[in-house]
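A closer look at the structure
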Amino acid sequence: MFAKPVSGRTTADAEGDVVVLLIGMRVNHFWAVHQWLPVMLAMFRMLGELARDRDRGLLGHVMLTASPRTYYVVQYWESKEKLYAYAHSPEMLHHRAWGIFNRTERAGKARGHVGLWHETYVVPEGSYESIYFDMPAFGLAGAHGQVPLERRGRYAKDRFAYRSGAAEREAAEKAG
């Protein structure tokens, strides 16, 4: 939690596609604590569940707030398949929590006290880059590791052009 900064400029050590999930909630009525607090606590429980089983595919996350009403988590996943597998697994908390929410909504008991949202992005290699200056591993680097900037290129255009060994082999196979 109190990681020391890494001196100088670094970049994320991500290779291949990057899967990013933004997921959050908006408190529409502060007084309806009984509606939004269980949602918030469920997110903490799901993150704990995923932290205890790294094989599920969550590589890292950052918790953020957009306003006093809106809270969200940026999650970095190993693959969209692992994200889907977690979301649909009957033995995992997400599946049960989503079922409760859907039943509440169908019964007409969802009263608009809390809003829920998520966005998922699969970002192909060559479509992301990062730079960190005197920072501990954070965000994408926190999820995938951190390397000196020179390993990927000093300029953004060089980091965008970086291809991992796996991507280079795949491109050669398609060409050959």
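Every value quoted in this text rests on a predicted model; they were computed, and no experiment measured them.

**Some points on the nonpolar core**
- Core analysis: the biggest nonpolar cluster contains 15 residues, and Trp 77 and Tyr 86 have the highest contact counts within it.
- Those elements that place two or more of their residues in this core are strand E2 (18-27), helix H1 (33-52), strand E4 (70-77) and helix H2 (80-88).
- At 5 residues, H1 tops the list of elements feeding residues into this core.
- Residue contacts for Trp 77: discarding those within four places in its chain leaves Val 19, Leu 21, Leu 50, Arg 56, Gly 57, Leu 58, Leu 59, Lys 82, Leu 83 and Tyr 86.

**Considering the sheet that holds strand E1 (residues 6-12)**
- The strand order across the open sheet formed by 3 strands is E6-E1-E7, and the pairing between neighbours is antiparallel. Whereas interior strands pair on both sides, the edge strands pair on one side only; in this sheet they are strand E6 (132-135) and strand E7 (146-148). The mean inter-strand angle of the sheet, taken between neighbouring strand axes irrespective of direction, is 55 degrees.
- With 3 bridges joining them, E1 and E6 adopt antiparallel strand pairing. Bridged to Arg 9 within E6 is Phe 133.

**Examining the sheet that holds E2**
- On the basis of which strands lie adjacent, the open sheet formed by 4 strands has the order E3-E4-E2-E5 and antiparallel pairing. Each edge of the sheet is formed by a strand with only one pairing partner; in this case those strands are strand E3 (58-65) and strand E5 (114-123). The sheet shows a mean angle of 15 degrees between the axes of neighbouring strands, direction not considered.
- Where E2 meets E5, 10 bridges bridge the pair, whose relative direction is antiparallel. Residue pairing for E5: Gly 24 is matched across the bridge by Trp 117.

**Points about the layout of surface pockets**
- Of the volumes computed, that of the largest pocket is approximately 1,200 Å³.
- When residues of the lining of the largest pocket are traced back to their parent elements, those giving at least two are E2, H1, E3, E4, H2, helix H3 (93-106) and E5.
- The greatest single-element share of the lining of the largest pocket, amounting to 11 residues, is contributed by H1.
- The residue makeup of the lining of the largest pocket, split by class, is 30 nonpolar, 13 polar and 3 charged.
- As a volume, the second largest pocket reaches approximately 200 Å³.
- Lining the second largest pocket we find 14 residues, and of these Leu 59, Gly 60, His 61, Val 62 and Gly 142 sit closest to its centre.
- Elements with a minimum of two residues in the lining of the second largest pocket: H1, E3 and helix H4 (140-144).
- The element that contributes the greatest number of residues to the lining of the second largest pocket is E3, accounting for 5 residues.

Here is what the cut-offs are and how they apply
Residues numbered from 1 in each chain as written. Predicted model: local features only at pLDDT ≥ 70, side-chain atom pairs only at ≥ 80, totals over all residues. Heavy atoms only, no water. Core = buried A, V, L, I, M, F, W, Y, C linked by side-chain atoms within 4.5 Å. Buried < 20%, exposed > 50% of the residue type's maximum accessible area, 1.4 Å probe, protein only. Helix = DSSP H or I, 4+ residues; strand = E, 2+ residues; numbered from the N terminus. Contact = heavy atoms within 4.5 Å. Pairing = 2+ DSSP bridges. Axes fitted to C-alpha atoms, helices over the stretch in contact; angles between N-to-C directions. 1 Å grid on protein atoms, 1.4 Å probe; cavity = no way out; pocket = protein on both sides within 12 Å on 5 of 7 lines; lining within 4 Å. Points joined across faces, edges and corners; volume = space filled by probe spheres on them. Nonpolar A, V, L, I, M, F, W, Y, C, P; charged D, E, K, R; others polar.

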